[in-house]
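Here's the letter readout for the chains.
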Amino acid sequence: MIRLLWLGVALWQAPAVSFDTLAKLGYDRYAEDRFDEARAALERAVALRPNSFQVRFLLGATFVQLQNPGAAIPHLQRAVALNPGHADARKLLAAQCIATRRYAEVLAAVRQPTDEETHWLAIEAKQGAGDAAGALALARQASQWFPQSAPVAAWLGFQMQFAGRYDDARRHLLRAREIDPAHPAAYHLLGEICLKEEKHAEAITWLQQAAAKMPDDVETLLGLSLALAETGESAQAITVLQRAPEDARVFLQLSRLYFKLGDETRARQASERSIQLRETNPPARAAGRPW
């Protein structure tokens, strides 16, 4: 009883931490990439002053860094409500809504696209919501406003190849490569077109370049493996997949390749792993961009 009384007195005498102290601590920890500590300080600051735009925005950004878009969105929504004209807050909110497939909220956040980034967010939202025509219209508008944008040219190439217009697609994709030779999407999509046209040797050339720029991209590695297998290089196709991230599709393709080579034990093991991954972590691809 005496110990509890002493504890109560100690807590009563302890000085309260001010909002300014907590906000500064949160900012400092964020700048130091100590995001868990930043979150703890900023959550306490928000509790003291719920209508602080800066703290709401920074707390939302902290949850983004912690890869928790669901937790970030309410704070970013509040930040936007407090300061509707803050472009970065709107963009960050839109990006998190895309990550959680809340496409209508993306379009509300970016309103009328004015720069390349907001165009991209709106394009992704329309594509993700199934409005391919709207996405294409925005991409064409973006290509007029930003003619030196490799991502925009690559997006138009993606749309053209998706519609089976391979010559038009190549024109846009080669333009993207000309604008920015380091942009990986052009190489990946040119490889996909070659696969569809069964030009497997040419597909290998493009997809190897894409894989060099995106070594962990499952879509690229799957395409490269398929192209290699179609040219009789099944062993090399397996090697490509062995360095890929764990994905149900990777193990399914490995199973087929092992079976083709007569290794039934490894084929069965890969098939079982594919089923396990499909049940626990269904494959998902970003709805907006093809890369």
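Residues numbered from 1 in each chain as written. Predicted model: local features only at pLDDT ≥ 70, side-chain atom pairs only at ≥ 80, totals over all residues. Heavy atoms only, no water.

A word on the overall build of the protein
- A count of helical and extended segments in the protein gives 17 helices and 0 strands.
- Relative to the compact-globule value of 19 Å for 291 residues, the protein shows a C-alpha radius of gyration of 25 Å, a clear excess of over 25%.
- Taken across its 291 residues, the protein has 44% of its residues classed as buried.
- Sequence separation of 24 or more characterises 49% of the internal contacts of the protein that already satisfy a separation of 6 or more.
- As displayed, the protein has an accessible area near 15,700 Å², and 53% of this comes from carbon and sulfur atoms.
- Here the protein carries 34 positive and 33 negative side-chain charges, and the mean point of each set is 5 Å from the other. (Helix = DSSP H or I, 4+ residues; strand = E, 2+ residues; numbered from the N terminus. Rg over C-alpha atoms; globule rule 2.2 N^0.38 Å. Buried < 20%, exposed > 50% of the residue type's maximum accessible area, 1.4 Å probe, protein only. Contact = heavy atoms within 4.5 Å. Areas by Shrake-Rupley, 256 points an atom, 1.4 Å probe, with all protein chains shown as cover. Lys, Arg positive; Asp, Glu negative; His and termini not counted. Charge placed at Lys NZ, Arg CZ, Asp CG, Glu CD.)

Some details on the pattern of salt bridges
- One pass over the structure, following the stated rule, counts 20 salt bridges.
- Arg165 is paired through a salt bridge with Asp168; the nearest N and O atoms lie 3.0 Å apart.
- Ionic contacts of the salt-bridge type, sharing partners, join the residues Arg29, Glu32, Arg34 and Glu37 into one network. (Salt bridge = Lys/Arg side-chain N within 4 Å of Asp/Glu carboxyl O.)

A closer look at helix H9 (residues 132-145)
- Given a rise of 1.5 Å per residue, 14 residues ought to cover 20 Å, and the 20 Å separating the end C-alpha atoms of H9 matches this to within 8%.
- Regarding H9, the residues found buried are Gly134, Ala135, Leu136, Leu138, Ala139 and Ala142.
- Close packing links the buried residues of H9 with helix H8 (116-128) and helix H10 (150-162). (Expected span 1.5 Å × (residues − 1).)

Some points on helix H4 (residues 53-65)
- Over its 13 residues, H4 extends 18 Å from the first C-alpha to the last, a length consistent with the 18 Å expected when each residue adds 1.5 Å.
- Of all 13 residues in H4, 10 are buried; the element is thus mostly enclosed.
- Those residues of H4 hidden inside the fold are in contact with helix H2 (19-31), helix H3 (35-48), helix H5 (69-82) and helix H6 (87-99).
- One or two steps after H4, the chain reaches Gln67, where phi turns positive at roughly 55 degrees.

Quick word on the packing of helix H14 (residues 218-230) against helix H15 (residues 234-242)
- For the pair H14 and H15, the least separation of the axes is 7 Å and the interaxial angle reads 170 degrees. Between H14 and H15, the interaxial angle falls into the category roughly antiparallel. Residues Leu221, Leu222, Leu224, Ser225, Leu228 and Ala229 of H14 form the contact with H15, whose participating residues are Ser234, Gln236, Ala237, Val240 and Leu241. (Axes fitted to C-alpha atoms, helices over the stretch in contact; angles between N-to-C directions. Parallel < 35°, antiparallel > 145°, perpendicular 65-115°, else oblique.)

A look at the side chain of Arg90
- Here Arg90 shows up in helix H6.
- Although Arg90 lies buried, it forms no salt bridge, and the closest oppositely charged side chain, Asp88, sits 11 Å away as judged by the N-O distance.

Examining the confidence of the model for the protein
- For the protein, per-residue confidence averages 88 on the pLDDT scale, and residues scoring 70 or more make up 91% of the total.
- Residue range residues 1-14 is modelled with pLDDT below 50. Its contacts to residues more than four positions away, or to other chains, number 0 contacts.
- Below a pLDDT of 50 lies the segment residues 284-291, which in the model reaches 26 contacts outside its immediate sequence neighbourhood of four places, other chains included. (pLDDT = per-residue confidence, 0-100.)

Comments concerning the packing of H8 against H10
- Look at H8 against H10: their axes get within 11 Å of each other, and the N-to-C directions meet at 20 degrees. One way to sum up the angle between H8 and H10 is to call them roughly parallel. The handedness of the crossing between H8 and H10 is left-handed. For the pair H8 and H10, contact is made by Glu116, Trp120, Ile123 and Gln127 and by Pro151, Val152, Trp155 and Gln159, respectively. (Left-handed = near helix turned anticlockwise from the far one by under 90°.)

Some points on unusual backbone geometry
- You will see that Arg101, though not glycine, has its phi angle at about 60 degrees, which is positive.
- Within the secondary structure, Arg101 is located in the loop between H6 and helix H7 (103-110).
- Positive phi outside glycine occurs at Glu198, with the angle close to 60 degrees.
- Inspection of the secondary structure assignment puts Glu198 in the loop between helix H12 (184-196) and helix H13 (200-213).
- For Glu198, a relative accessible area of 62% corresponds to the exposed category.

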